[in-house]
Amino acid sequence: MKRVSVVGNSGSGKSTLSSALAGRLGVPWLELDSIFHMSGWQPRPREEFRAEVERFTAADGWVVDGNYSAVRDLVWSRADTVVWIDLPRRTVMRRLLVRTLRRMTTGAELWNGNKESFRFLLDKDESILWWAWRQHAVYRERYARARADPANAHLRFVRVASRADAACLLATDRI
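Residues numbered from 1 in each chain as written. Predicted model: local features only at pLDDT ≥ 70, side-chain atom pairs only at ≥ 80, totals over all residues. Heavy atoms only, no water.

### Some remarks on the overall build of the chain
Here is step 1 of the chain: A count of helices and strands for the chain gives seven helices and five strands.
Here is step 2 of the chain: Order of helices (α) and strands (β) in the chain, N terminus to C terminus: β-α-β-α-α-β-α-β-α-α-β-α.
Here is step 3 of the chain: Rg of the C-alpha trace for the chain: 16 Å, near the compact-globule value of 16 Å for 175 residues, within the 12% margin.
Here is step 4 of the chain: Its C-alpha atoms give the chain principal-axis dimensions of roughly 45 × 35 × 30 Å.
Here is step 5 of the chain: Looking at the chain residue by residue over its 175 residues, the buried ones come to 45%.
Here is step 6 of the chain: In the chain, 70% of the contacts between residues at least 6 apart in sequence involve partners at least 24 apart.
Here is step 7 of the chain: Counting only carbon and sulfur atoms, one obtains 53% of the accessible surface of the chain, whose full area is about 9,400 Å².
Here is step 8 of the chain: Taking the average location of the 29 positive side-chain charges in the chain and that of its 20 negative ones, the two points are 6 Å from each other. (Helix = DSSP H or I, 4+ residues; strand = E, 2+ residues; numbered from the N terminus. Rg over C-alpha atoms; globule rule 2.2 N^0.38 Å. Buried < 20%, exposed > 50% of the residue type's maximum accessible area, 1.4 Å probe, protein only. Contact = heavy atoms within 4.5 Å. Areas by Shrake-Rupley, 256 points an atom, 1.4 Å probe, with all protein chains shown as cover. Lys, Arg positive; Asp, Glu negative; His and termini not counted. Charge placed at Lys NZ, Arg CZ, Asp CG, Glu CD.)

Take a look at the structure:
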């Protein structure tokens with residue numbers, strides 16, 4: 001395991017696990033949100049986004065976290081492992097609500113000056129909570145299909161369905 005893609009719903013723990021995994025492997029980590037969301041939550045143009053990801057994944061070892069279909073082909077063609085965080089919806093939603101409220105209350109900057117806003121908390125078009133609720137089944141279906149797809153036979157899929165699974169992944173000597 002030297003080139004790892006970490007995927008899963010918002011609030012599932014992708015960044016936390018990715019950071020720990022990168023430290024354990026001694027490789028750099030890229031959170032795709034950090035290069036996709038420009039100032040004012042504007043999306044980075046597709047070709048610029050792909051070029052940044054292409055540069056990062058050209059290295060011998062790395063961990064990339066995120067679900068962006070615009071770069072999945074680049075990441076997965078170079079990855080050797082996909083870590084799929086597939087926690088129960090109730091766990092994801094609880095974590096996401098706590099994280100979002102903490103960020104809003106503290107005014108924590110996420111990427112490029114962006115902050116989460118109380119104004120968008122329950123807005124169906126802008127809320128990270130609504131997004132995660134709707135995407136939960138979508139991600140579960142997408143990554144279950146991807147794991148079974150012969151086109152991804154070059155990838156080792158590791159499904160993390162609990163905090164204990166994550167701890168085992170980080171503790172294993174097979175990393």
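Okay, back to it.
### Brief notes about the packing of helix α1 (residues 14–25) against helix α7 (residues 163–171)
Here is step 1 of the chain: Their axes nearest at 10 Å, the elements α1 and α7 cross at an angle of 15°. For the element pair α1 / α7, the angle class is roughly parallel. As α1 packs across α7, the resulting crossing turns out to be right-handed. Where α1 abuts α7, its residues Leu17, Ala20, Leu21 and Arg24 lie against Ala166, Leu169, Leu170 and Ala171.
Here is step 2 of the chain: Among the residues making up the contact of α1 with α7, the classes are represented as seven nonpolar, no polar and one charged. (Axes fitted to C-alpha atoms, helices over the stretch in contact; angles between N-to-C directions. Parallel < 35°, antiparallel > 145°, perpendicular 65-115°, else oblique. Left-handed = near helix turned anticlockwise from the far one by under 90°. Nonpolar A, V, L, I, M, F, W, Y, C, P; charged D, E, K, R; others polar.)

### Brief notes about the layout of surface pockets
Here is step 1 of the chain: Quantified by volume, the largest pocket comes out at close to 1,200 Å³.
Here is step 2 of the chain: Ser10, Asp33, His37, Ile128 and Trp131 are, among the 44 residues lining the largest pocket, the residues nearest its centre.
Here is step 3 of the chain: Secondary structure elements with two or more residues in the lining of the largest pocket: α1, β2 (29–31), α2 (32–36), α4 (69–78), α5 (89–106) and α6 (128–148).
Here is step 4 of the chain: When residues in the lining of the largest pocket are grouped by element, the largest group, seven residues, is from α6.
Here is step 5 of the chain: When its residues are assigned to classes, the lining of the largest pocket shows 14 nonpolar, 15 polar and 15 charged.
Here is step 6 of the chain: In this structure, the second largest pocket spans a volume of roughly 210 Å³.
Here is step 7 of the chain: At the level of elements, α1 and α7 are the ones that each hand at least two residues to the lining of the second largest pocket.
Here is step 8 of the chain: Residues belonging to the lining of the second largest pocket are distributed by class as follows: eight nonpolar, four polar and two charged. (1 Å grid on protein atoms, 1.4 Å probe; cavity = no way out; pocket = protein on both sides within 12 Å on 5 of 7 lines; lining within 4 Å. Points joined across faces, edges and corners; volume = space filled by probe spheres on them.)

### Description of the side chain of Thr100
Here is step 1 of the chain: Considering the arrangement of structural elements, one finds Thr100 in helix α5.
Here is step 2 of the chain: Excluding anything up to four places from it in sequence, Thr100 contacts Glu116, Leu121, Ile128 and Leu129.

### What to know about the packing of aromatic side chains
Here is step 1 of the chain: Under the criterion given, the structure shown has eight aromatic pairs.
Here is step 2 of the chain: Plain terms: the ring middles of Phe36 and Tyr68 are 4.7 Å apart, the flat faces sit at 40° to each other, and that makes the pair tilted. Pair noted here: Phe36 is in helix α2 and Tyr68 is in the loop between β3 (62–65) and α4, with a separation of 32 residues, a long-range link. For the pair formed by Phe36 and Tyr68, the shared burial category is buried.
Here is step 3 of the chain: Across from the ring centre of Tyr143, 6.0 Å away, lies the NZ or CZ of Arg142, which sits over that ring. (Phe/Tyr/Trp six-rings, centres within 6.5 Å; stacked < 30°, edge-to-face > 60°. Lys NZ or Arg CZ within 6 Å of the ring centre and 35° of its normal.)

### Some details on the environment of Phe36
Here is step 1 of the chain: A C-alpha to C-alpha distance of 9.1 Å links Phe36 and Trp111, two positions 75 residues apart in sequence.
Here is step 2 of the chain: When residues no more than four places from it in sequence are discounted, the contact partners of Phe36 are Gln42, Pro43, Arg44, Phe49 and Tyr68.

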